[in-house]
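Chain by chain, the residues:
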Amino acid sequence: MTADKARIAKQFIETIPHSRELGMRITEIGDGLAVIAMPYDARLIGDPETGVIHGGAVSALMDTCGGAAVMSHPRSPAGTATIDLRIDYMRPATPGQTIVARATCYHITRSVAFVRAQAFDNDTDRPVASATGAFTVEGG
């Protein structure tokens, strides 16, 4: 992956107001792979009794990470948009811990890119969520 393409993907993610508000930051990007961290934030709590982060925030993290993986793929000429995203929530994220999503763009056609992703807290042996998705390939 070119440095320019990595910069564009990172800049794109960082300029999305929703991603910025959720505190997302790209920690790794390259050749169809993206890793994005979202720190624990009390504003994102979905259940005040347990302190567990709302599933919508985890969903946004996985969607953003999937898009970044597509944008970083060597055969993806430009931006992307989500066509379909299926997320399976495996367990609640541990309160107080950063959630990290890792997405891989494993197949790309002229118009559609296919992605697999997982999200973890500090327990990297047990995913918080797993996702599969399809994204547009603009200009393909």
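Fair warning: this is a prediction, and the values are worked out from it, not measured in the lab.

### Here's the deal with the side chain of S19
- Among the structural elements, S19 can be located in helix α2 (residues 17–21).
- We classify S19 as buried; its relative accessible area is 2%.
- Setting aside residues up to four positions removed in sequence, S19 forms contacts with I13, M24 and T64.

### Some thoughts on the sheet that holds strand β8 (residues 129–136)
- The sheet built from six strands is open, its strands ordered β1-β2-β6-β7-β8-β5 with antiparallel pairing. In the strand order of this sheet, the two ends are held by β1 (25–30) and β5 (82–89), each with one partner. Going across the sheet, the axis of each strand differs from the next one's by a mean of 15 degrees, ignoring polarity.
- Here five bridges tie β1 to strand β2 (residues 33–38), and the two strands are oriented antiparallel to one another. When the sheet's bridge partners are listed, E28 is paired in β2 with V35.
- Running over the sheet, helix α3 (residues 55–71) touches β1, β2, β5, β6 (99–108), β7 (112–120) and β8 and is turned about 40 degrees from β6.

### Concerning the pairing of β6
- Judged from the six bridges that link them, β2 and β6 form a sheet pairing that is antiparallel. Within β6, the position partnered with A34 by the bridge is A103.
- Note: β6 against β7, eight bridges, orientation antiparallel. From the neighbouring strand, V100 faces β7, where its bridge partner is F120.
- Hairpin connection from β6 to β7: three residues lie between these consecutive antiparallel strands.

### Topic: the side chain of R91
- As for its placement among the helices and strands, R91 is situated in the loop between β5 and β6.
- A distance of 2.6 Å separates a polar atom in the side chain of R91 from a polar atom in the side chain of D121.
- Those residues in contact with R91 that lie beyond four places of it in its chain are D121, D123, R126, P127 and V128.

### Considerations on the nonpolar core
- Formed by 34 residues in total, the largest nonpolar core has its most connected members in I36, M38, M62 and I99.
- Looking at this core, the elements with two or more residues in it are β2, α3, β6, β7 and β8.
- It is α3 that provides the largest number of residues to this core, a total of nine residues.
- Here I99 is in contact with I36, A37, M38, I53, V58, L61, A93, A119 and F120, once residues within four sequence places are set aside.

The rules we used
Residues numbered from 1 in each chain as written. Predicted model: local features only at pLDDT ≥ 70, side-chain atom pairs only at ≥ 80, totals over all residues. Heavy atoms only, no water. Helix = DSSP H or I, 4+ residues; strand = E, 2+ residues; numbered from the N terminus. Buried < 20%, exposed > 50% of the residue type's maximum accessible area, 1.4 Å probe, protein only. Contact = heavy atoms within 4.5 Å. Pairing = 2+ DSSP bridges. Axes fitted to C-alpha atoms, helices over the stretch in contact; angles between N-to-C directions. Polar contact = N/O pair within 3.5 Å; in protein donor to acceptor, adjacent residues only side chain to side chain. Core = buried A, V, L, I, M, F, W, Y, C linked by side-chain atoms within 4.5 Å.

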